[in-house]
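Results of the structural survey
Residues per chain, in single letters:
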Amino acid sequence: MASGKQRISSYQVVYLALVFEGGLVGIALGLGWLLDAPAFAQFQLSWTGAIQGVLATLPLLLLVLCAGFLDYRPVKDLFSLSREHITRLFSDASLLDLALVAGVAGLGEEVLFRGVIQTVLATYFGPLAGVLIAAVLFGLVHSLSLAYVIGATLIGIYLGCLLLSFDNLLVPVITHGLYDFIVLVVLLKRRG
């Protein structure tokens, strides 16, 4: 007799993640159209933007590495919770699966939160308020725990500042996607 709880496969998780995160692009396009803030208005595909995005990932990774050495319970709990969720969801996923999920998450979330929400808020409240409010909203949708919300909000501030600094949405898209990919790989490697 099978139990009432079936384990969802990594393939299904990857598929659902791609649909959800890709759907955020559709939401951003629709919301941008409604608010007269085209989602990809600040997106310029260029080697310079791609390199800036890769380089901008380094401070985030360094921050996470340093945080891993802290003997502070909320940070340790955050790492443990993240590892537990990532392992449960992506234990059988390939590197390509992880790259696809991270890349689509970077695109979908950045187009929505930085490309549309931050841009609209900045129009009404100024650039700094746009960054901060969009980052708080970004943090709130990542509500696995209070520490996770705070961490995601801080990352959202950083990504928002990247958009302000480089005026190219490609930079935070690449930074976000590459950061997610590296963290996914590291957390899955360290399981067990």
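Nothing here was measured: the structure is a model prediction, and the numbers come from that model. (Residues numbered from 1 in each chain as written. Predicted model: local features only at pLDDT ≥ 70, side-chain atom pairs only at ≥ 80, totals over all residues. Heavy atoms only, no water.)

**As for the pattern of salt bridges**
In a structure, side chains of opposite charge can pair up when their charged atoms sit close to one another. This is how the line gets drawn: Any carboxyl oxygen of Asp or Glu that lies within 4 Å of a side-chain nitrogen of Lys or Arg is treated as forming a salt bridge with it. Burial here depends on accessible area, computed with a 1.4 Å probe over protein chains only, as a share of the maximum for the residue type. Under 20% is buried, over 50% is exposed, and the range in between is partly exposed. Numbering of helices and strands starts at the N terminus; helices are DSSP runs of H or I of at least 4 residues and strands are runs of E of at least 2.
Applying the stated criterion to the full structure yields three salt bridges. Linking D71 and K76 is a salt bridge whose minimum nitrogen-to-oxygen distance equals 4.0 Å. Of the residues examined, D71 reaches a relative accessible area of 71% and is grouped as exposed. Here K76 falls in the partly exposed class, since its relative accessible area comes to 37%. Its salt-bridge partner being R114, residue E110 comes within 2.7 Å of it at the nearest N-O pair. With E110 and R114 both in helix α4 (residues 95–125) and four residues apart, the pair spans about one turn of that helix. The pair formed by E110 and R114 is uniform in burial state, with each residue classed as buried.

**Comments concerning helix α2 (residues 47–68)**
One turn of an α-helix holds 3.6 residues; hence residues three or four places apart share an orientation. Selection criterion: The span expected for a helix works out to 1.5 Å for each residue beyond the first. Throughout, a contact is declared for two residues whenever any of their heavy atoms are within 4.5 Å.
Compared with an ideal rise of 1.5 Å per residue, which puts 22 residues at 32 Å, α2 spans 32 Å between its outermost C-alpha atoms and is within 8% of the ideal. Buried-residue contacts for α2 involve α3 (73–90), α6 (146–166) and α7 (170–189).

**Looking at the confidence of the model for the protein**
Worth spelling out the cut-off: Residue-level confidence of the predictor, termed pLDDT, takes values from 0 up to 100.
Scored by pLDDT, the protein comes out at a mean of 92, with 95% of its residues at no less than 70. The secondary-structure element of the protein with the lowest mean pLDDT is α3, recorded at 86, while helix α5 (residues 127–140) shows the highest, at 98.

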